[in-house]
Number of protein chains: 2
Amino acid sequence: MNASVVRPADAVLRDLGGGVSRRVLAHTDDIMIVEVHFEAGSVGAPHTHPHAQATRVLSGEFVFTVDGKDVTVREGDTLAFPSNILHGTRCVKPGVLLDIFSPMRTDFL
Amino acid sequence: MNASVVRPADAVLRDLGGGVSRRVLAHTDDIMIVEVHFEAGSVGAPHTHPHAQATRVLSGEFVFTVDGKDVTVREGDTLAFPSNILHGTRCVKPGVLLDIFSPMRTDFL
């Protein structure tokens, strides 16, 4: 698979409902960058997946619950989770998360 | 391995010389987020690695050369490379790249 270059204007921001929208950015089979936009009070319900995940807070304020523990994160903060760990988030101040998955999330395409 | 949460102030920005500095952020065995700061004119020399890589341009302007092709990228643009592909970058306007590797780069610790 070739290298992938994606500019925000080239990617559709898809409304997922509940104040959350998602834009899939550059990806190969092995890795995928995704932007997730949250309105204040919106949630990413607790879930698991076999993909490794890393997240960078681009803006806003979020409370993450990872493996039963809460942590408040803001712009510039980063998280990384092992595969299959239960995690979710609640948006305190509207903002954008940059989520990276390995391998890619075929379910997002 | 537990989840990792890293705030920028908790991570040392290491001077690599040549106008480039690097800060390792959240990581697990499977995935690692790294910030790389570039002064104008500085370069990331062409190289390969077995890790999958994704990059988000946080600020500035860069010319990436990936597998022999040049592409100019700016804030918000994203790239993803297959493993072992030759890639390098030249900073046109000073800025910061967010590089994500899978698995983690043990050579960065």
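Residues numbered from 1 in each chain as written. Chains lettered and ligands numbered in written order. Predicted model: local features only at pLDDT ≥ 70, side-chain atom pairs only at ≥ 80, totals over all residues. Heavy atoms only, no water.

## Observations regarding the environment of Pro-82 of chain A
Moving on, step 1. Summarising the element assignment, Pro-82 of chain A is placed in the loop between strand S8 (78–81) and strand S9 (87–102).
Moving on, step 2. Expressed as a C-alpha distance, the spacing of Pro-82 of chain A and His-51 of chain A, which sit 31 residues apart in the sequence, is 8.2 Å. (Helix = DSSP H or I, 4+ residues; strand = E, 2+ residues; numbered from the N terminus.)

## A look at the interface of chain B and chain A
Moving on, step 1. Taken residue by residue, the interface counts 37 residues in chain B and 37 residues in chain A.
Moving on, step 2. Roughly 2,800 Å² of surface becomes buried between chain B and chain A when both sides are summed, with 63% attributable to carbon and sulfur atoms.
Moving on, step 3. Applying the counting criterion to the chain B and chain A interface returns four salt bridges.
Moving on, step 4. When residues of the side of chain B that touches chain A are traced back to their parent elements, those giving at least two are strand S1 (4–6), strand S3 (20–27), strand S4 (32–38), strand S6 (52–66), strand S7 (69–74), strand S8 (78–81) and strand S9 (87–102) of chain B.
Moving on, step 5. The leading source of residues in the side of chain B that touches chain A is S6 of chain B, at seven residues.
Moving on, step 6. A breakdown of the residues in the side of chain B that touches chain A according to their chemical character gives 21 nonpolar, 11 polar and five charged.
Moving on, step 7. Across three bridges, S8 of chain A lies against S1 of chain B in antiparallel orientation. In the sheet register, Ala-80 of chain A faces S1 of chain B, and the bridge partner there is Ser-4 of chain B. (Contact = heavy atoms within 4.5 Å. Buried area = accessible area lost by both parts, 1.4 Å probe. Salt bridge = Lys/Arg side-chain N within 4 Å of Asp/Glu carboxyl O. Nonpolar A, V, L, I, M, F, W, Y, C, P; charged D, E, K, R; others polar. Pairing = 2+ DSSP bridges.)

## Some words on the relation of the copies chain B and chain A
Moving on, step 1. When chain B is fitted to chain A, the best match, at an RMSD of 0.0 Å, comes from turning it 180° and sliding it 0.0 Å along the axis. On the angle and the small slide along the axis, the relation comes out as a two-fold axis. Closest approach to the rotation axis among the C-alpha atoms of chain B is made by Ser-102 of chain B, whose C-alpha sits 3.3 Å away.
Moving on, step 2. Both copies present the same face, since 100% of the interface residues in chain B are matched by interface residues at the equivalent positions in chain A. (Least-squares fit on C-alpha atoms with pLDDT ≥ 70 in both.)

## Examining the confidence of the model for chain A
Detailed reading of predicted coordinates is not advised where the pLDDT is low.
Moving on, step 1. Chain-level statistics for chain A give a pLDDT mean of 96 and a share of 99% at 70 or above.
Moving on, step 2. For this predicted complex, the interface confidence score (ipTM) comes to 0.95, while the overall pTM stands at 0.96. (pLDDT = per-residue confidence, 0-100.)

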